[in-house]
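The primary structure of each chain is shown beneath.
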Amino acid sequence: MKKILITGGAGFIGSHVVRRFVKNYSDYQIYNLDKLTYAGNLENLRDIEDAPNYTFIKGDICDAGFIQQIFVQYQFDGVIHLAAESHVDRSITNPMAFVETNVIGTVTLLNAANHFWKDKTDKRFYHVSTDEVYGSLGEEGFFLETTSYDPKSPYSASKASSDHFVRAYHNTYSLPIVVSNCSNNYGSFHFPEKLIPLVINNIQQNKPLPIYGKGENIRDWLFVEDHARAIDVIFHKGKDGDTYNIGGFNEWTNIDLVKLLCKIMDEKLGRDPGTSEKLITYVKDRAGHDMRYAIDATKLKNELGWEPSLQFEEGLEKTVDWYLANQKWMNDITSGDYQNYYKEHYQA
Ligand code: NAD
Ligand code: DAU
């Protein structure tokens, strides 16, 4: 039996990765290590929490003694590392939390894997990273695996640093690693500080839809289950020491994306066309707001045969349906500390 440690499994993407591995690999034991910060939520995993091949461990990746203890106790064969502080806006107000979890936490895990994996055969440390490490694009071009790093926010600087540490451990200690850099994800269980779930929730509540700046910034959106499938493929078939870009070839300006969401929501809620668009409100821009991200995922397609499975409109409609059917999930989050975050961030 393979013993796989997945970190950050109670978060948005991590919960989809945990679910996929628990369901598809009954011969693996899946250990989900999560600190349950504001972004971690065990409700995201209710459907698989009793599976015999699933174990939840509450803990902090920065706690070296604890990490060593679980490496000894469970004898992991592989690590899929997703735990992170993930929101760019929060990194602007509190960068240290990003240094701690994203940099120190990652190095703490690397140290444990490197120390306890005496025989490195059949071991793998997979670091799940972001396209934001490459910086910001102009109107033309795509991020390739060979694009130089040029992170511009405290969040992306912390993820770039952790990527460098992962590759340094491969080069220096021959730790078996693989890294992927993915574009913006969307789908179920997405924390409503992020654009898509925030807009869906605000439309339902008839609240303003905050668009930073002119809404012309571009993001490349990928359905979260396609990301989880890419992680599965790369974990099992990726070349040791290699990097893979993951993306949907699906660029949208923020304003066009929000208008599309308004149209879908008007249809679903039986509102007159144009009703939700009236909620669009232009607000102060994000400091240092990256203009455009666009991933070239050709390497992943050519070498490992992965491609996105869903058209964006189909994925977005599926996503909206999920939020409408799971209002308790959203209400539980938005009735808690989230209210303070929202007030401070949007009504300051
Ligand atoms: P998220 O914020 O939804 O979840 C992060 C999870 O990590 C939470 O469950 C949280 O409790 C846990 N966590 C945070 N600090 C921890 C600590 N010190 N110890 C243990 N657990 C801790 O994030 P997400 O959007 O699911 O992103 C997951 C990973 O994927 C991140 O590494 C992120 O950089 C990367 N990524 C995200 C996207 C995206 O669009 N969301 C795209 C590309 C890459
Ligand atoms: O590209 C991958 C990255 O995508 C991940 O590494 C990050 O973890 C993830 O959070 C995401 O970062 P973004 O900053 O692109 O996502 P966010 O949903 O915060 O914002 C998407 C775009 O929408 C961005 O241009 C900022 C804008 N925006 C966001 C919010 C929250 C608004 O206009 N208004 C808002 O209220």
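Below: a short report on this structure. (Residues numbered from 1 in each chain as written. Chains lettered and ligands numbered in written order. Predicted model: local features only at pLDDT ≥ 70, side-chain atom pairs only at ≥ 80, totals over all residues. Heavy atoms only, no water.)

Side note on the packing of helix 4 (residues 95–116) against helix 5 (residues 154–173)
Next, step 1: Put simply, helix 4 and helix 5 touch, their axes get as near as 9 Å, and they point 15° apart. Relative to helix 5, the element helix 4 lies roughly parallel. As helix 4 packs across helix 5, the resulting crossing turns out to be right-handed. Taking contact as the criterion, the partners of Pro95, Phe98, Asn102, Val103, Thr106, Val107, Leu110, Asn111 and Asn114 in helix 4 are, on helix 5, Pro154, Tyr155, Ser158, Lys159, Ser161, Ser162, Phe165, Val166, Tyr169 and Tyr173.
Next, step 2: Of the residues in the contact of helix 4 with helix 5, the class split is 11 nonpolar, 7 polar and 1 charged. (Axes fitted to C-alpha atoms, helices over the stretch in contact; angles between N-to-C directions. Helix = DSSP H or I, 4+ residues; strand = E, 2+ residues; numbered from the N terminus. Parallel < 35°, antiparallel > 145°, perpendicular 65-115°, else oblique. Left-handed = near helix turned anticlockwise from the far one by under 90°. Contact = heavy atoms within 4.5 Å. Nonpolar A, V, L, I, M, F, W, Y, C, P; charged D, E, K, R; others polar.)

Here we look at the sheet that holds strand 11 (residues 251–253)
Next, step 1: With mixed pairing, 3 strands are arranged side by side in an open sheet as 7-9-11. On the outer flanks of this sheet lie strand 7 (184–186) and strand 11, each paired with one strand and no other. Taking the axes of each pair of neighbouring strands and ignoring which way they run, one obtains an average angle of 50° across the sheet.
Next, step 2: Relative to strand 9 (residues 218–223), strand 7 is paired through 3 bridges, and the arrangement is parallel. Paired with Asn185 across the bridge in strand 9 is Leu222.
Next, step 3: Sheet contacts for helix 7 (residues 224–237): strand 7 and strand 9; angle to strand 9, the most-contacted strand, approximately 70°. (Pairing = 2+ DSSP bridges.)

Some words on the pattern of salt bridges
Next, step 1: Counted by the stated rule, this structure contains 18 salt bridges.
Next, step 2: Where Asp89 meets Arg286, a salt bridge forms, and the shortest distance between an N and an O atom there is 2.6 Å. Placement of Asp89 in helix 3 (residues 88–93) and of Arg286 in the loop between strand 12 (280–283) and helix 9 (298–304) is noted, with a sequence separation of 197 residues between them.
Next, step 3: For Asp89, a relative accessible area of 6% puts it in the buried group. (Salt bridge = Lys/Arg side-chain N within 4 Å of Asp/Glu carboxyl O. Buried < 20%, exposed > 50% of the residue type's maximum accessible area, 1.4 Å probe, protein only.)

Thoughts on helix 10 (residues 312–325)
Next, step 1: Between the first and last C-alpha of helix 10 there are 20 Å, a value that for 14 residues agrees with the 20 Å anticipated at 1.5 Å per step.
Next, step 2: Buried within helix 10 we find Phe312, Gly315, Leu316, Thr319, Val320, Trp322, Tyr323 and Leu324.
Next, step 3: Structurally, helix 10 contributes buried residues whose contacts are with strand 7, helix 6 (195–204), strand 9, strand 11, helix 8 (254–269) and helix 11 (327–334). (Expected span 1.5 Å × (residues − 1).)

Here we look at the sheet that holds strand 6 (residues 177–182)
Next, step 1: A sheet is described by the order of its strands in space; here 7 strands give the open sequence 3-2-1-4-5-6-10, paired in parallel fashion. Both outer strands of the open sheet, strand 3 (54–58) and strand 10 (243–246), are each paired with one neighbouring strand and no more. Direction aside, neighbouring strands of the sheet carry axes that sit 20° apart on average.
Next, step 2: Across 6 bridges, the pairing between strand 1 (residues 2–7) and strand 2 (residues 28–34) is parallel. In the strand pairing of strand 2, Ile6 is matched with Asn32.
Next, step 3: Strand contacts of helix 4: strand 1, strand 4 (78–81) and strand 5 (124–130), with the helix running at about 165° to strand 5, the strand carrying the most contacts.
Next, step 4: Helix-sheet contacts for helix 7 involve strand 1, strand 2, strand 4, strand 5, strand 6 and strand 10, and the interaxial angle to strand 5 is about 145°.

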